[in-house]
Amino acid sequence: MEVKARAPGKIILAGEHAVVHGSTAVAAAIDLYTYVTLRLPLQSDENSDRLTLQLKDLSLEFSWSVSRLKEVIPNDSNTSSPSTPASCSGEILKSIALLVEEQNIPEEKIWLSSGISTFLWLYTSIRGFSPATVIITTELPYGSGLGSSAAFCVALTSALIASSISDKTHREGWCSLDETNLELLNKWAFEGEKIIHGKPSGIDNTVSAYGNMIKFCSGEITRLQSNMPLRMLITNTKVGRNTKALVSGVSERTVRHPDAMKSVFNAVDSISKELAAIIQSKDEVSVTEKEESIKELMEINQGLLQSMGVSHSSIDTVIRTTLKHKLTSKLTGAGGGGCVLTLLPTVVSGTVVDKAVEELESYGFQCFTASIGGNGAEICF
Ligand SMILES: Nc1ncnc2c1ncn2[C@@H]1O[C@H](COP(=O)(O)OP(=O)(O)OP(=O)(O)O)[C@@H](O)[C@H]1O
Ligand SMILES: C[C@@](O)(CCO)CC(=O)[O-]
Ligand SMILES: [Mg+2]
């Protein structure tokens, strides 16, 4: 039996980091996906007693015998069941880390460890110790602010949950999951994100699961209906960073300066709410005026992200370069490098964008556009 699932990456238009501290944020799915194929072996297969994870883009394979998994992961200390997501305890995570270490991940790919631990936790929690081959491919850059970790968790939990749906009648193409399963897989994906992010807000897995554009505050989701065209250039600075470390850096700064940071988070909350209102507004204000307001909000948000300590000199280079062409940019996701968004107003000519892209790429950055606000998690039998 084979089940496929896919889940999109995302951009955060406003509110990253502050959202971890209770502020509102606005995010949208993009049409770049992580794909998961789950293959359950036949009794006669030679791999019928192994759990194998293939990361196709990286040409890496990790494999454990089911008996080794049973030996190391304490079955009785796992308080969750497939239908009641629970957090991975420190004790289980330590056991899982042992299984990951045994795989001798190449040193230059050691950043994959948290992803592989998350895989083992989600797989064994949802499907138990049953053998399978799980194949992952992704169109998203790893660790760059476009939600690769969330897309990985959402696509994986979608495939795992889909494998237990009784009606597996073959249908053409991708289909979405029902609300109950969406809610369930989103909760599991959030538990996975906790292993990778430490203290996630849940916005990344939620927008990847549900798709479209959302306003998110303390776990509360409002689906947004955009009433204006929204085009963004995405620039990947290719500066590697790690969301967990950046999130904990902001928390440490908040402990040191609670009052100042509270004001910063409040300001971000106002920005996100205003941005959501502009995007949804049906009044007579022209698109150009709306774009002017969005530009200004992005500029203020970037300044506040700077004050949280999550910008980077490569991000400053993108901001300075695009500003030369009268275009406004802000970091997206966790910052510290990674990806930067540049608003492409409707009136801006292709020549201006081409010139900006040429200059950005001369610094070694990679520029692309993506369609914003598409589908969330989908499955295919
Ligand atoms: N396709 C994948 N396969 C295995 N692990 C993955 C995959 N995608 C992401 N990961 C895991 O997620 C980590 C990157 O997550 P991280 O949260 O730091 O960045 P991001 O999700 O791309 O950006 P952001 O959180 O800012 O949106 C990787 O180091 C890896 O452990
Ligand atoms: C930096 C952060 O706000 C967004 C990362 O895409 C972390 C989170 O919300 O979990
Ligand atoms: Mg992430």
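Here, the structure is the one placed above.
Owing to the predicted nature of the structure, the values given are computational and were not obtained by experimental measurement.

What counts as what
- Numbers given for residues are sequential positions, taken from 1 along each chain in its written order.
- The naming scheme follows written order: chains are lettered A onward, ligands numbered 1 onward.
- Whole-chain, interface and lining totals are the exception, using all residues; otherwise, since this is a predicted model, local features are given only for residues with pLDDT of at least 70 and side-chain atom pairs are given and counted only at 80 or more.
- Side-chain figures throughout are based on the complete set of non-hydrogen atoms in the structure, without hydrogens or water.
- Secondary structure elements follow DSSP: runs of H or I of four or more residues count as helices, runs of E of two or more count as strands, with numbering from the N terminus.
- Here the radius of gyration uses the C-alpha set of atoms, whereas the globule reference equals 2.2 Å times the residue count to the power 0.38.
- Buried, partly exposed and exposed residues are distinguished by accessible area as a fraction of the type maximum, computed with a 1.4 Å probe on protein chains only: under 20%, between the cut-offs, and over 50%, respectively.
- By the convention used here, residues are in contact when the closest approach between their heavy atoms is within 4.5 Å.
- The Shrake-Rupley method, run with a 1.4 Å probe, gives the accessible areas here. Residue values count only the displayed protein chains as cover.
- A molecule or strand has a residue near it when one of that residue's heavy atoms lies within 4 Å.
- Two N or O atoms count as a polar contact when they lie within 3.5 Å, although within protein this holds only if one can serve as hydrogen donor and the other as acceptor, and sequence-adjacent residues are included solely when both atoms are side-chain atoms.
- Both cavities and pockets are sets of points on a 1 Å grid over the protein atoms alone; in a cavity a 1.4 Å probe fits but cannot get out, in a pocket the set is open with protein on both sides within 12 Å along at least five of seven lines, and lining residues sit with an atom within 4 Å of a point.
- Grid points define the cavity or pocket, and a molecule sits in it when more than half of its atoms lie within 2 Å of them.
- Residues are grouped as follows: Ala, Val, Leu, Ile, Met, Phe, Trp, Tyr, Cys and Pro are nonpolar; Asp, Glu, Lys and Arg are charged; all remaining types, including Gly, are polar.
- Here a donor is an N, O or S atom found within 2.8 Å of the metal, or within 3.2 Å if the metal is Na, K or Ca; sites may look incomplete because water is not among the atoms.
- A side-chain nitrogen of Lys or Arg and a carboxyl oxygen of Asp or Glu constitute a salt bridge if their distance falls within 4 Å.
- Working rule for helices: expected span equals 1.5 Å times residues minus one.
- Of all possible arcs, the one meant is that of the directions from the helix axis to the C-beta atoms.
- For the purposes of this section, nonpolar cores are sets of buried Ala, Val, Leu, Ile, Met, Phe, Trp, Tyr and Cys residues that join through side-chain atoms within 4.5 Å.
- If DSSP finds at least two bridges between two strands, the strands pair.
- Axes here mean lines fitted to C-alpha atoms, for a helix over just the part in contact, with angles spanning 0 to 180 degrees between N-to-C directions.
- Oblique is the label for every angle not falling under 35 degrees (roughly parallel), over 145 degrees (roughly antiparallel), or within 65 to 115 degrees (roughly perpendicular).
- A clockwise turn of the near helix away from the far one marks a right-handed crossing, whereas an anticlockwise turn of less than a right angle marks a left-handed crossing.

Enquirer: Lay out the overall build of the chain with the relevant residues and their values.
Expert: Looking only at helices and strands, one finds eleven helices and 13 strands in the chain. On C-alpha atoms alone, the chain measures out to a radius of gyration of 21 Å, which is about the 21 Å that the 2.2 N^0.38 rule sets for 381 residues. In terms of overall dimensions, the chain has a C-alpha envelope of 65 × 50 × 40 Å along the principal axes. Scored against the burial criterion, the 381 residues of the chain give a buried share of 56%. In the chain, the proportion of contacts linking residues at least 24 apart, taken out of those at least 6 apart, comes to 77%. Summing over all exposed atoms, the chain offers an accessible surface of approximately 16,200 Å²; the carbon and sulfur share of this is 50%.

Enquirer: Hey, could you go over the site of ligand 2 for me, with residue numbers and the actual values?
Expert: In the neighbourhood of ligand 2, 14 residues make up the surrounding shell, with Lys 10, His 17, Pro 200, Ser 201 and Asp 204 lying closest. A distance of 2.7 Å is found between an oxygen atom of ligand 2 and a side-chain nitrogen or oxygen belonging to Lys 10. Interatomic distance of 2.8 Å between a backbone N/O atom of His 17 and an oxygen atom of ligand 2. Against a free-state accessible area of 300 Å², the protein chains account for coverage of 98% of ligand 2. A molecule is said to occupy a pocket when more than half its atoms come within 2 Å of that pocket's grid points, and by this definition ligand 2 occupies the largest pocket. Elements with a minimum of two residues in the shell around ligand 2: β1 (2-14) and α6 (203-210). A class-by-class count of the residues in the shell around ligand 2 yields seven nonpolar, four polar and three charged.

Enquirer: Tell me what's going on with the coordination of the magnesium ion (ligand 3), and back it up with residues and numbers.
Expert: The coordination sphere of the magnesium ion (ligand 3) contains the protein donors Ser 149 (OG) and His 197 (NE2), at a distance range of 2.1 to 2.2 Å. Taken together, the positions of Ser 149 in helix α4 (residues 148-162) and His 197 in helix α5 (residues 179-197) put the pair 48 residues apart, joining distant regions of the chain. As far as the burial class goes, Ser 149 and His 197 line up, both buried.

Enquirer: With reference to specific residues and values, describe the pattern of salt bridges.
Expert: Applying the stated criterion across every chain, the model contains 13 salt bridges. In this structure, the salt-bridge partner of Glu 16 is Lys 330, at a minimum N-O distance of 2.9 Å. Taken together, the residues span a long stretch of sequence, with Glu 16 in the loop between β1 and β2 (25-39) and Lys 330 in strand β10 (residues 329-331) at a distance of 314 residues. By the burial criterion, Glu 16 is buried, and Lys 330 matches it. Each of Glu 2, Lys 4 and Arg 39 takes part in salt bridges that share partners, so that together they form one network.

Enquirer: Help me get a handle on helix α2 (residues 90-101), residues and values and all.
Expert: If you check α2, its first and last C-alpha atoms are 16 Å apart, about what twelve residues at 1.5 Å a residue would give, namely 16 Å. Looking at α2, one finds that the buried residues are Ile 92, Ser 95, Ile 96, Leu 99 and Val 100. All buried residues of α2 lie within an arc of 150° about the axis, which places them on one face of the element. In α2, those exposed residues whose orientation departs by more than 90 degrees from the buried face are Gly 90, Glu 91, Lys 94 and Glu 101.

Enquirer: Would you mind going over the nonpolar core in detail, with residue names and values included?
Expert: Buried together is how nonpolar side chains tend to be arranged in soluble globular proteins. Residues Leu 53, Trp 64, Phe 119, Leu 120 and Val 134 are the most contacted members of the largest nonpolar core, which totals 58 residues. Ranked by the residues each element gives to this core, the list is headed by α4, at nine residues. Excluding residues within four positions of it along the chain, Phe 119 makes contact with Leu 51, Leu 53, Trp 64, Val 134, Phe 152 and Leu 156. Listed in part, the 55 residues of the second largest apolar core include Leu 327, Cys 339, Leu 341 and Leu 360.

Enquirer: How would you sum up the sheet that holds strand β9 (residues 232-236)? Please name residues and give values.
Expert: Read from one edge to the other, the open sheet built from four strands follows the order β10-β11-β9-β12, with strand pairing classed as antiparallel. Either end of the sheet is taken by a strand with one partner, and the two such strands are β10 and β12 (366-369). With strand direction ignored, the average angle separating the axes of adjacent strands in the sheet is 25°. Here β10 pairs with strand β11 (residues 339-343) via three bridges, running antiparallel.

Enquirer: Outline the packing of helix α8 (residues 258-280) against helix α9 (residues 287-308), supporting the account with residue identities and numerical values.
Expert: The geometry of α8 relative to α9 is characterised by a closest axis approach of 10 Å and an angle of 160° between their N-to-C directions. One element, α8, and the other, α9, form an angle in the roughly antiparallel class. Where α8 crosses over α9, the handedness of that crossing is left-handed. Seen from α8, the contacting residues are Met 261, Val 264, Phe 265, Ala 267, Val 268, Ile 271, Glu 274, Leu 275, Ile 278 and Ile 279; seen from α9, they are Lys 290, Ser 293, Ile 294, Leu 297, Ile 300, Asn 301, Leu 304, Ser 307 and Met 308. In terms of residue class, the contact of α8 with α9 is made up of 14 nonpolar, three polar and two charged.

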